[in-house]
Amino acid sequence: MTVLQSIFLGLLQGFTEFLPVSSSGHLMLAERLWDVEGGLFFDVMLHLGTLLAVIISMRHSLWQTVRHPLASKKLTYLLVASAPTFVIALLVKLFIPETFMGMLLPIGFALTIVLIILSDKLSKPKLRLEEAGFLPGIITGVTQGIAVFPGLSRSGSTISTMKLFGVNASDAAEFSFLLSIPVILASAAVEGYEALTSQITIQPWYCIVIGIVAAFLSGLVSVYMVMRAVKTKSWIWFAVYLIIPLSISLITL
């Protein structure tokens, strides 16, 4: 792996992890188009870079949640939403073959477009997260679990689902980012175990460091972009952009 490739993969992972465009879908397209792949251990390190980005971006909300877990319902909602996510992700991991996952890429992009459009046109997001009840959290967790399929954006799915339940856009985005923390941790743990128990090629240490930094910085930018988009009502433009990777995935399928 070259330095430029590590920068490219780091930037791609960081931006697409939190933008509603599907990181798994974009990484799959990058592998198909340019034969660029960092390997399992490199992917784990990039996940840690994006994890650090979301922790720093959401540090105030995260600190308040951890410091006063009983003062608000946020921690309870996060636990409730995470449970179905892990169950669905485990079932997909055990029973869905990787070759089949690749065939679903265009469908995932298309579903993300539909969700973004529906949430932009049909939702009336006025509720605070604490007023929404448990049902939106449970359904959001289910949606996040289904988003393990490539092309279906995790952040796009979760934010859109919360908005359709009437949660205001800022709270929906913040909840989505906080909800990503246990998911990224679990993903890094699973991939890390697979990397340690299999014979893999470790990329040069400087490529790994550069990739982590690129993923971290682009992750910070993407969180800011999403928060700004939901506040300025420019959410729909992500659906417009997704027409491009959808078209490419149909061509390369």
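Small disclaimer: the values here were computed from a predicted structure and weren't measured. (Residues numbered from 1 in each chain as written. Predicted model: local features only at pLDDT ≥ 70, side-chain atom pairs only at ≥ 80, totals over all residues. Heavy atoms only, no water.)

Colleague: I tried to follow unusual backbone geometry on my own but got confused; where do I start?
Modeller: Negative phi values dominate among residues other than glycine, just as trans dominates among peptide bonds. Even without glycine at this site, Ser22 takes up a positive phi of about 80°. Its location among the elements puts Ser22 in the loop between helix 1 (3–18) and helix 2 (23–34). The backbone of Asp35 sits at a positive phi, close to 55°, despite the residue not being glycine. Mapped onto the elements of the fold, Asp35 is located in the loop between helix 2 and helix 3 (40–57). (Helix = DSSP H or I, 4+ residues; strand = E, 2+ residues; numbered from the N terminus.)

Colleague: I'm lost on the packing of aromatic side chains in this one. Help?
Modeller: Scanning the model with the defined rule gives five aromatic pairs in all. Ring plane angle 85° and centroid distance 5.8 Å describe the contact between Phe18 and Phe177, whose orientation is recorded as edge-to-face. Here the residue Phe18 occupies a position in helix 1, and Phe177 occupies one in helix 10 (residues 169–196), the gap between them amounting to 159 residues. According to the relative accessible area criterion, Phe18 is buried, its value standing at 0%. Ring centres 6.0 Å apart and planes at 85° place the aromatic pair Trp205 and Tyr206 in the edge-to-face group. Looking at Tyr206, the relative accessible area reads 38%, which means it is partly exposed. (Phe/Tyr/Trp six-rings, centres within 6.5 Å; stacked < 30°, edge-to-face > 60°. Buried < 20%, exposed > 50% of the residue type's maximum accessible area, 1.4 Å probe, protein only.)

Colleague: Help me understand helix 10 in this model?
Modeller: It helps to recall that an α-helix has 3.6 residues per turn; residues three or four apart then point in one direction. Helix length check: helix 10 (28 residues) gives 40 Å between terminal C-alpha atoms against 40 Å at 1.5 Å per residue, within 8%. Along helix 10, the sharpest change in direction is near 25° and occurs at Ile181; proline Pro182 comes one to four residues later. Its side-chain oxygen 3.2 Å from the backbone nitrogen of Ser170, Asn168 forms the N-cap of helix 10. (Expected span 1.5 Å × (residues − 1). Bend = angle between axes of the 7 residues up to and from the residue. Polar contact = N/O pair within 3.5 Å; in protein donor to acceptor, adjacent residues only side chain to side chain.)

So far we have only geometry, and geometry alone does not tell us how the molecule works.
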